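Understanding the architecture of this molecule
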Amino acid sequence: MSKLKAADPHGFPFEPVPFVDLVGQFRQIEAPVMDAVRRVFEQQAFVLGDEVSEFECDLAEYCDSRDAIGCASGTDALVLALMAMDIGPGDEVITSPFTFFATASAICRVGAKPVFVDIDPNSYLMRVDQVEAAVTGKTRAIIPVHLFGQCADMKPLWQLSVKHGLAIIEDACQAIGATYKGRRAGVLGHVGCFSFFPTKNLGGAGDGGAITTDDSELARRIRRLRVHGESGQYQHSEVGLNSRLDALQAAVLRTKLGYLDEWTEGRRENAQRYFELFEHYGLEDCIQVPIVAEGERHIFNQFTIRVTGGHQRDELLQEMRANNVGCSVYYPVPLHLQDCFKSLGYQQGEFPEAEAAANNVIALPIFPELSGSQLESVVRTIARCVGHLNTSHSPKTWSSESLPLQRAA
Ligand SMILES: *Cc1c(COP(=O)(O)O)cnc(C)c1O
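Figured I'd write up the structure that's included with this text. Small disclaimer: the values here were computed from a predicted structure and weren't measured.

Within the open sheet, the 7 strands sit side by side as 1-9-8-5-4-2-3. Their pairing is mixed. On the outer flanks of this sheet lie strand 1 (67-71) and strand 3 (113-116), each paired with one strand and no other. For this sheet the average axis-to-axis angle between neighbouring strands, irrespective of direction, equals 25 degrees. Where strand 5 (residues 167-171) meets strand 8 (residues 191-195), 3 bridges bridge the pair, whose relative direction is parallel. Within strand 8, the position partnered with Glu170 by the bridge is Gly192. Packing against the sheet, helix 2 (residues 50-63) makes contact with strand 1, strand 8 and strand 9 (209-213), and its axis sits at approximately 130 degrees to strand 1.

The next subject is the nonpolar core. In terms of nonpolar packing, the biggest core is built from 92 residues, with Phe98, Tyr274, Phe278, Leu283, Leu364 and Ile382 touching the most fellow members. Of the domains in this structure, domain 1 (26-257) and domain 2 (261-385) are the two that each give at least three residues to this core. Those residues within four positions of Ile382 in sequence are excluded, and the remaining contacts are Phe278, Leu283, Ile287, Ile305, Leu316, Met320 and Leu364. The next biggest cluster of nonpolar side chains, apart from the first, holds 28 residues, and it includes Val79, Ile143, Ile211 and Leu218.

Right, let's get into the packing of helix 3 (residues 74-84) against helix 7 (residues 216-225). It is the contact of helix 3 with helix 7, at a shortest axis distance of 9 Å, that shows an interaxial angle of 120 degrees. Judged by the angle between their axes, helix 3 and helix 7 are oblique. Helix 3 and helix 7 meet at a crossing whose hand is right-handed. Seen from helix 3, the contacting residues are Leu80, Met83 and Ala84; seen from helix 7, they are Leu218, Arg221, Ile222 and Leu225. Looking at the contact of helix 3 with helix 7 residue by residue, the class counts come to 6 nonpolar, no polar and 1 charged.

The rules we used
- Residues numbered from 1 in each chain as written.
- Predicted model: local features only at pLDDT ≥ 70, side-chain atom pairs only at ≥ 80, totals over all residues.
- Heavy atoms only, no water.
- Pairing = 2+ DSSP bridges.
- Helix = DSSP H or I, 4+ residues; strand = E, 2+ residues; numbered from the N terminus.
- Axes fitted to C-alpha atoms, helices over the stretch in contact; angles between N-to-C directions.
- Contact = heavy atoms within 4.5 Å.
- Core = buried A, V, L, I, M, F, W, Y, C linked by side-chain atoms within 4.5 Å.
- Buried < 20%, exposed > 50% of the residue type's maximum accessible area, 1.4 Å probe, protein only.
- Domains from an automatic or database assignment.
- Parallel < 35°, antiparallel > 145°, perpendicular 65-115°, else oblique.
- Left-handed = near helix turned anticlockwise from the far one by under 90°.
- Nonpolar A, V, L, I, M, F, W, Y, C, P; charged D, E, K, R; others polar.

Here it is, written out as structure tokens:
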């Protein structure tokens, strides 16, 4: 890879681009968020209560689910879902090795065993056609992960669910508002698990999570499990967790939910601009852009590119950081190779696509407030790093048709 640090041939200014800018987002919504926070302080009811119930109603409506149950984190949402389905020691749960750690740790936390299947090299989603071969007499559930904001291919999983009597728990932590065949993430299985970690598309002021379901029996059980398995005051029918959503989080999330679709459109427009810029700079032979399934709504929690054509990911990453372009790697170590999962007995080479992705991917800034010149700076920085920026590449001029709709300030 070229180490060229020469000036841009057109004197195009390279702007620093942060990976995320939550301060910028806060500035847009400071007044309503601070009103919501004040409302909670005025009432001094900090755990569950009306704020949480109302957020749960709003979230259920947003996801088209019958019920939504707030809890302390996305990780706990997964744990609670597994507990509510009585999945535990002796059981197996099939999932992806290329995801955030919590997808698999939740399975271990309830005493069950994660069983991995490899991913598709284009979408990074679980290879659903490999799931059936992983089903054993002990398999109880499948956790498809809607990674980076794109839904897993659910239809084959529905068929397996019926055929083998398996529960489907969606890890929708990165996918609020994503759709598959016109239906939203969170209602594509028996339960959907969401995270409101600050960098998720709907991020709180700390940790938070929720579970969506159409099954009212399951919802009741989850509500009980999140408060110590309490069936009446100081009466415990089973041992649960302390995993409640705070009223402050709920108040902030309720406020931010009103902006979510606008922010998601901003992310989708930014993705579209990236697609055009990668093409404009002729980077197709060394960068693979995200592949979006036809007709589905990808919500771009991450915009993950793959470095191909012999270029080294880590070298590009270093160059990007040296040029003040924020980048991250999700995820550098596939879960089957994590030390804590050694006892599962997986070997290096067992999931070649997950391992290759871990070595080749970079997530670029995609937050909604990015400007056109920032997006251009990101792509020109990549083009320069891979030696593709030459005098034939003037900055992209946007025709009025290709310019994304102006977003409201
Ligand atoms: C964020 C995330 C989680 C965990 O959510 P927390 O709220 O951080 O506990 C689980 N799975 C995936 C895919 C995530 O991105």
